[in-house]
Amino acid sequence: MIKFNETLSKLFSKSLDFNLSIIILKSKVIKLKNKNKLYWKKNLSYLIVLLSIWFIVSFGFGILLVDQLNLIEFFGFKLGFWFAQQGSIYTFVILIFIYIYLMNKLDKEFKS
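These numbers come from a predicted model, not from an experiment. (Residues numbered from 1 in each chain as written. Predicted model: local features only at pLDDT ≥ 70, side-chain atom pairs only at ≥ 80, totals over all residues. Heavy atoms only, no water.)

A.B. asks: Help me understand the overall build of the chain in this model?
C.D. replies: If you tally the helices and strands in the chain, you get three helices and two strands. The proportion of buried residues among the 112 residues of the chain is 18%. Sequence-distant contacts in the chain: of pairs separated by 6 or more residues, those separated by 24 or more amount to 63%. On the chain, roughly 9400 Å² of surface is accessible, and the fraction owed to carbon and sulfur atoms is 72%. (Helix = DSSP H or I, 4+ residues; strand = E, 2+ residues; numbered from the N terminus. Buried < 20%, exposed > 50% of the residue type's maximum accessible area, 1.4 Å probe, protein only. Contact = heavy atoms within 4.5 Å. Areas by Shrake-Rupley, 256 points an atom, 1.4 Å probe, with all protein chains shown as cover.)

A.B. asks: Is there a simple way to explain the side chain of N43 in this structure?
C.D. replies: The topology assignment puts N43 in helix 1 (residues 2-64). In this structure N43 comes out as buried when scored by relative accessible area, which is 4%. A distance of 3.1 Å separates polar atoms of two side chains, one belonging to N43 and the other to Y99. In this structure N43 touches Y99, M103 and L106, once residues within four positions along its chain are discounted. (Polar contact = N/O pair within 3.5 Å; in protein donor to acceptor, adjacent residues only side chain to side chain.)

A.B. asks: In this structure, what is going on with the nonpolar core? I would like to understand it.
C.D. replies: Nonpolar side chains tend toward joint burial in soluble globular proteins. Listed in full, the five residues of the largest apolar core are V57, L69, L79, W82 and F83. Per-element accounting of this core gives the leading share, three residues, to helix 3 (residues 79-110). Those residues in contact with W82, other than ones at most four positions away along the chain, are F74, G87 and Y90. (Core = buried A, V, L, I, M, F, W, Y, C linked by side-chain atoms within 4.5 Å.)

A.B. asks: Help me out: how do you make sense of the packing of aromatic side chains in this one?
C.D. replies: Each aromatic ring pair is summarised here by two numbers: the centre-to-centre distance and the angle between the ring planes. In total, this model carries 10 aromatic pairs according to the counting rule given. Seen from their ring centres, Y39 and W40 are 5.6 Å apart, and the 85 degrees between their planes marks the pair as edge-to-face. On the basis of relative accessibility, which here comes to 16%, the residue Y39 falls in the buried class. Grouping aromatic residues by their ring pairs yields a cluster made of F61, F74, F75, W82, F83 and Y90. (Phe/Tyr/Trp six-rings, centres within 6.5 Å; stacked < 30°, edge-to-face > 60°.)

A.B. asks: Sorry if this is basic, but what is going on with the confidence of the model for the chain here?
C.D. replies: Do not read the predicted coordinates in detail wherever pLDDT is low. Residues of the chain with pLDDT of at least 70 account for 73%, and the chain-wide mean is 81. Confidence scores differ between elements of the chain, with helix 1 showing the lowest mean pLDDT of 75 and helix 3 the highest of 91. (pLDDT = per-residue confidence, 0-100.)

A.B. asks: Looking at this model, I keep getting lost on unusual backbone geometry. Mind explaining?
C.D. replies: Peptide bonds are, in most cases, trans, and in most cases residues other than glycine have a negative phi. The backbone phi angle of F75 is positive, close to 55 degrees, even though this residue is not glycine. Mapped onto the secondary structure, F75 falls in the loop between strand 1 (73-74) and strand 2 (77-78). Relative accessible area serves as the criterion here: at 72%, F75 is assigned to the exposed category.

If you want it as structure tokens, here you go:
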């Protein structure tokens, strides 16, 4: 009878340890999912802001506001023409480097 009680208590303690392990593992998975959601939320917010800037510069300045901007000269060229031909490309390249910087910073923040 004593051996049975010892065996039963060992099984119970192992079962309890196993259940605690599962609970800890589940909490880690939930934390990881929340961390991933926050990471992607920040990543998408960066993308939305940067692509909005690019849209404003390329479509807004290069097409919609070209007549008003052509009244201003920039390095001997009309500013509307410059934005349509050069400015949107330069802005896009600059935004790529800004995105790289922001993503490296975000990766370091969320690195586990």
